[in-house]
Amino acid sequence: MVCRRSLGNNAPLVWGPFRKLGTLIRGGTIVTATDTYHADVLIEGETIATIAKRISDDKHRVVDASDAYVFPGGIDPHTHLDMPFGGTTTIDDFESGTRAAAMGGTTTIVDFALHTRGDSLANALRTWHEKAKGKAVIDYAFHLTIADGRSETMAEIPKMITDEGVNSFKVFMAYKHVLQVDDETIFKTLQTCAKHGGLVQVHAENGDVIEVLTKQALAEGKTEPKWHAMTRPVECEGEATHRAIRLAEIAGAPLYVVHVSSAMAADSISDGRKRGLNIYGETCPQYLVCEFGDYERPDFQGAKYVLSPPIRDKWNQDVLLKKLKNLELHAFGSDHCSFNLCGQKDLGRHDFSKIPNGAPTIEDRIAILYEVGVNRGVLGLNSFVALGSTNPAKLFGLFPRKGTIAVGSDADILIWDPNATRTISPKTHHMKADNNVFEGMTIKGRPRYVLSRGKIVADGNIFTGEKGAGKFQKSARFFPVQL
Ligand code: URP
Ligand code: ZN
Ligand code: ZN
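The structure presented is a predicted model; accordingly, all values stated were derived computationally and were not measured.

Parameters and conventions
- Residues numbered from 1 in each chain as written.
- Chains lettered and ligands numbered in written order.
- Predicted model: local features only at pLDDT ≥ 70, side-chain atom pairs only at ≥ 80, totals over all residues.
- Heavy atoms only, no water.
- Donors = N, O, S within 2.8 Å, 3.2 Å for Na, K, Ca; no water.
- Helix = DSSP H or I, 4+ residues; strand = E, 2+ residues; numbered from the N terminus.
- Buried < 20%, exposed > 50% of the residue type's maximum accessible area, 1.4 Å probe, protein only.
- Tetrahedral: all angles 85-135°; square planar, octahedral: opposite > 155°, others 65-115°.
- Contact = heavy atoms within 4.5 Å.
- Polar contact = N/O pair within 3.5 Å; in protein donor to acceptor, adjacent residues only side chain to side chain.
- Near = heavy atom within 4 Å.
- Nonpolar A, V, L, I, M, F, W, Y, C, P; charged D, E, K, R; others polar.
- Pairing = 2+ DSSP bridges.
- Axes fitted to C-alpha atoms, helices over the stretch in contact; angles between N-to-C directions.
- pLDDT = per-residue confidence, 0-100.
- Disulfide = S-S within 2.5 Å.

Enquirer: Could you clarify how one ought to interpret the coordination of the zinc ion (ligand 2) in this entry?
Expert: Geometrically, a metal with four donors at the corners of a regular tetrahedron has ideal angles of 109.5 degrees, and one with six donors at the corners of a regular octahedron has ideal angles of 90 or 180 degrees. Coordination of the zinc ion (ligand 2) by the protein involves K170 (NZ), H203 (ND1) and H259 (NE2), with metal-donor separations of 2.1 to 2.4 Å. Here the donor residues for the zinc ion (ligand 2) map to a single chain with the spacing K-x32-H-x55-H. Taken as a pair, the zinc ion (ligand 2) and the zinc ion (ligand 3) lie 4.0 Å from each other. Pair noted here: K170 is in strand β13 (residues 168–172) and H203 is in strand β14 (residues 199–203), with a separation of 33 residues, a long-range link. In this pair, the class of K170 matches that of H203, namely buried.

Enquirer: Whenever I open this one, the coordination of the zinc ion (ligand 3) confuses me. Can you help?
Expert: Protein-derived coordination of the zinc ion (ligand 3) comes from H78 (NE2), H80 (NE2) and D335 (OD), at a distance range of 2.0 to 2.1 Å. The coordination sphere of the zinc ion (ligand 3) comprises 4 donor atoms, whose angles at the metal cover 88 to 132°; the geometry is tetrahedral. Donor residues for the zinc ion (ligand 3) sit on one chain with the sequence pattern H-x1-H-x254-D. Assessed through its relative accessible area of 0%, H78 is described here as buried. The buried category is assigned to D335, whose relative accessible area is 10%.

Enquirer: Any chance you could explain the environment of S270 here in plain terms?
Expert: Examined against the element boundaries, S270 turns out to sit in helix α8 (residues 263–274). With a relative accessible area of 4%, S270 lands in the buried category. The spacing of S270 and G281 is 11 residues in sequence and 9.1 Å in space, taken between C-alpha atoms. In this structure, S270 is in contact with K323 and E328, ignoring residues within four places of it in sequence. A polar contact is formed between the side chain of S270 and the side chain of K323, at a distance of 2.8 Å.

Enquirer: Looking at this structure, how should I read helix α1 (residues 94–103)?
Expert: Residues that lie three or four places apart on an α-helix share one face, since the helix turns once every 3.6 residues. The buried fraction of α1 amounts to 8 of the 10 residues, a majority that puts the element mostly inside the structure. Among the residues making up α1, those that are buried are F94, S96, G97, T98, A100, A101, A102 and M103. Next to the buried residues of α1 lie β11 (106–113), α2 (121–132), β12 (139–145), β19 (442–452), β20 (455–459) and β21 (462–463). Its side-chain oxygen at 3.0 Å from the backbone nitrogen of E95, D93 defines the N-terminal cap of α1. The positive-phi residue at the C-terminal boundary of α1 is G105, with phi of around 105°.

Enquirer: Hey, could you run me through the site of ligand 1 in this one?
Expert: Surrounding ligand 1, one finds 14 residues, the nearest of these being H80, Y175, H203, S308 and D335. Interatomic distance of 3.4 Å between a side-chain N/O atom of H78 and an oxygen atom of ligand 1. Residue H80 places a side-chain N or O atom 3.1 Å away from an oxygen atom belonging to ligand 1. Class assignment for the residues of the shell around ligand 1 results in 5 nonpolar, 7 polar and 2 charged.

Enquirer: Could you clarify how one ought to interpret the sheet that holds strand β17 (residues 331–332) in this entry?
Expert: The strands making up a sheet are joined through hydrogen bonds of the backbone, oriented either antiparallel or parallel. As summarised here, the arrangement of the 8 strands in space is β8-β11-β12-β13-β14-β15-β16-β17, forming an open sheet in which the pairing is parallel. A single partner strand is all that each edge strand has here, and the edge strands are β8 (74–79) and β17. Bridge analysis of β8 against β11 gives 4 bridges, and the strand direction is parallel. Within the sheet, the bridge partner assigned to G74 lies in β11 and is T106. Packing of helix α7 (residues 234–251) onto the sheet brings it into contact with β14, β15 (255–257) and β16 (279–283), and relative to β15 it is tilted by some 170°.

Enquirer: So what exactly am I meant to see when it comes to the confidence of the model for the chain here?
Expert: Across the chain, pLDDT averages 96, with 96% of residues at or above 70. Per-residue pLDDT stays below 50 along residues 1–9; that stretch engages in 29 contacts with residues further than four places along the chain or on separate chains. pLDDT under 50 marks residues 11–17. Its contacts with residues more than four places away, or in other chains, come to 15 contacts.

Enquirer: What is the right way to read the state of the cysteines from this model?
Expert: Any covalent bond linking the sulfur atoms of two cysteines counts as a disulfide. In the structure shown here, the tally under the stated rule is 0 disulfides. Looking at C337, it has no disulfide partner, and the nearest cysteine sulfur is the one in C284, 11 Å off. By relative accessible area, which is 3% here, C337 ends up buried.

So this is what it looks like as structure tokens:
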């Protein structure tokens, strides 16, 4: 029995006189990071029980995947939910943020728990567990940020990895007086992580130079949003990326460079890899779609694009896309950090440096990668799955429980209709923000169903998940992976 439009509430596991044993995904094309083939998928409980050419449906509830792809659910390695930042707090919390993620085809997020200088990592992690518990609709894991290089902080890292299931630690080279740390802290974090199986993530921009340029611009009366980008020139990202990679090289540590926005930074990563280093790079949808000219939109609309590193000149988009194709960049994160234009971004109406940095991107991450990558013929389907799901799962210790379609893996599945279309708009998106940097873009392809541990959480445009159903996922310790 095929039932495309009545599965939404997940309830009818018992139909008529017959008890339905499992959920059968019928007739789709399974796509993993390595394989593409036609087969049925049988889910029992929360995991995948059988994958076979044809599975009899009489005992099972059937989910129609005909003419559709069966992808592993997306894994978003970079989100900021319910995070105090820029004088305000990101507008999406763990409920609205994960709901929007699910509607876009993501089934696991890895969010950043913010450490505060002088406080413990344990406390930071506890705070983020409290924010997520009872709210998240899909599964989640955590990264920790590192705010200081105190010996107490470094001493906590091994426990975070072995006992708490956090395998990655982000250091900021920018946001002076707020999140920025010095090279000593970065180097100590690299050494500690190298020894204990952690992966250091770096926000690579030279915060000291940005601080000088920002003060100079404001003193000259340059206050509009575009000055956010003009005071964060690409060389600031290039220099910091190069410096971070060299520090990792000295420490003998792996490194993951988050939100790479430019060819210059991406080239540094390629150079490091040519020297045999375990350097990984992530880019984000906004860097493949938006361009510097967006800052010059009238009526303060340019503020939507105030995020860091900033949006670059258009030609960088193609370079980043090619680096994704050639696996010189390895993961696709949203860097979802959502603010309303009205009441949040407008804190900086008369001073670009007061505009909270970030954009709402969690919902459209998969769609943008598919449209710009697959539909435009640059990425194959397997690369698309690798970048949006499998590689983040491998890097952040969730594979093979997450990030693939295999017997025994969690039944986190995205059934993707490649023929349906959708136009992105803040009027219809599920994120709380009143703006969307991809507004107006039409995407060919959209989720038909999204399943989180066997439960349908998105049925087309209808959310069918449950607040609090998402569970914390411990990350295994990091080991260098061949992606
Ligand atoms: O502008 C951004 N990217 N905001 C989020 C914080 C960060 O640096 O990742
Ligand atoms: Zn950052
Ligand atoms: Zn971020």
